[in-house]
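# A structural walkthrough
Each chain, written out:
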Amino acid sequence: MEYKWKNPDVVNQIEQEYPEMTAEFWRIVHKQYETFCLKQLNYGKGNIMLGGDSKNPEDIKYALSGLAIRINDKANRLINLTVKNVPDVVGESTIDTFQDLSVYGIIAQLVINKKW
């Protein structure tokens with residue numbers, strides 16, 4: 001899918017000034033998208049909507065509440081890993097936790113935009 005930038009001059013400027021950083025950004029985004037797709041096969045969309053309808057305002061509210069709880073869990077995990085230096089015992093790295101936060105943020109936008 002092709003995206004049309006609202007500020008193409010700025011995007012071009014940053015890509016020229018920081019080619020390594022922007023290439024890595026896109027690599028991460030594509031990796032996360034693939035992981036998102038794989039997890040969708042495992043979970044389906046019912047886990048976020050709790051079996052509800054993405055067009056129903058009450059169901060959207062419940063889904064966003066669930067996402068807020070998941071995001072809070074991940075934020076607390078990051079605090080334990082990075083601030084409190086609590087060792088990992090479940091095999092989820094700091095990067096894994098940041099990836100989950102990123103994807104949950106996008107999923108929340110999909111729910112809000114009634115695209116979930």
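Every value quoted in this text rests on a predicted model; they were computed, and no experiment measured them. (Residues numbered from 1 in each chain as written. Predicted model: local features only at pLDDT ≥ 70, side-chain atom pairs only at ≥ 80, totals over all residues. Heavy atoms only, no water.)

### Re the overall build of the chain
The condition that has to hold: Strands here are runs of E lasting at least two residues and helices are runs of H or I lasting at least four, both read from the DSSP assignment and numbered beginning at the N terminus. Only the C-alpha atoms count toward the radius of gyration. The rule for a globule is 2.2 Å times the residue count to the power 0.38. Categorising residues by exposure relies on relative accessible area from a 1.4 Å probe, with only protein chains included: less than 20% of the type maximum marks a residue as buried, more than 50% marks it as exposed, and the intermediate range marks it as partly exposed. Contact criterion: two residues are considered in contact whenever any of their non-hydrogen atoms come within 4.5 Å of each other. Working definition of accessibility: Shrake-Rupley area with a 1.4 Å probe, residue cover restricted to the visible protein chains.
On a plain count of helices and strands, the chain comes out with five helices and zero strands. Overall, the chain shows an N-to-C arrangement of helices and strands of α-α-α-α-α. A globule of 116 residues ought to have a C-alpha radius of gyration of about 13 Å, yet the chain, at 17 Å, is considerably larger. C-alpha extents for the chain along the principal axes are approximately 45 × 40 × 25 Å. Looking at the chain as a whole, 22% of its 116 residues qualify as buried. Taking as baseline every contact in the chain between residues at least 6 positions apart, the subset at least 24 positions apart corresponds to 49%. When the accessible surface of the chain is totalled, it reaches about 8900 Å², and 59% of it is carbon and sulfur.

### Focus: a nonpolar patch on the surface
Keep this limit in mind: Residues qualify for a patch when their relative accessible area is over 30% and they have no salt bridge, like charges being joined within 9 Å and the nonpolar side chains of Val, Leu, Ile, Met, Phe, Trp and Tyr within 5 Å. What counts as a salt bridge is simple: a side-chain nitrogen of Lys or Arg found within 4 Å of a carboxyl oxygen of Asp or Glu.
A surface patch of nonpolar side chains, amounting to about 520 Å² of accessible area, comprises Tyr 3, Trp 5, Phe 25, Trp 26 and Val 29. Mapped onto the secondary structure, Trp 5 falls in the segment before α1 (8–17). With relative accessibility at 35%, the residue Trp 5 sits in the partly exposed group.

### Details of unusual backbone geometry
In this structure, Leu 50 takes a positive phi of about 55° despite not being glycine. For Leu 50, the location among the structural elements is in the loop between α3 (46–49) and α4 (57–83). Residue classification places Leu 50 among the exposed residues on the basis of a relative accessible area of 56%. Non-glycine residue Lys 114 carries a positive phi angle of around 60°.

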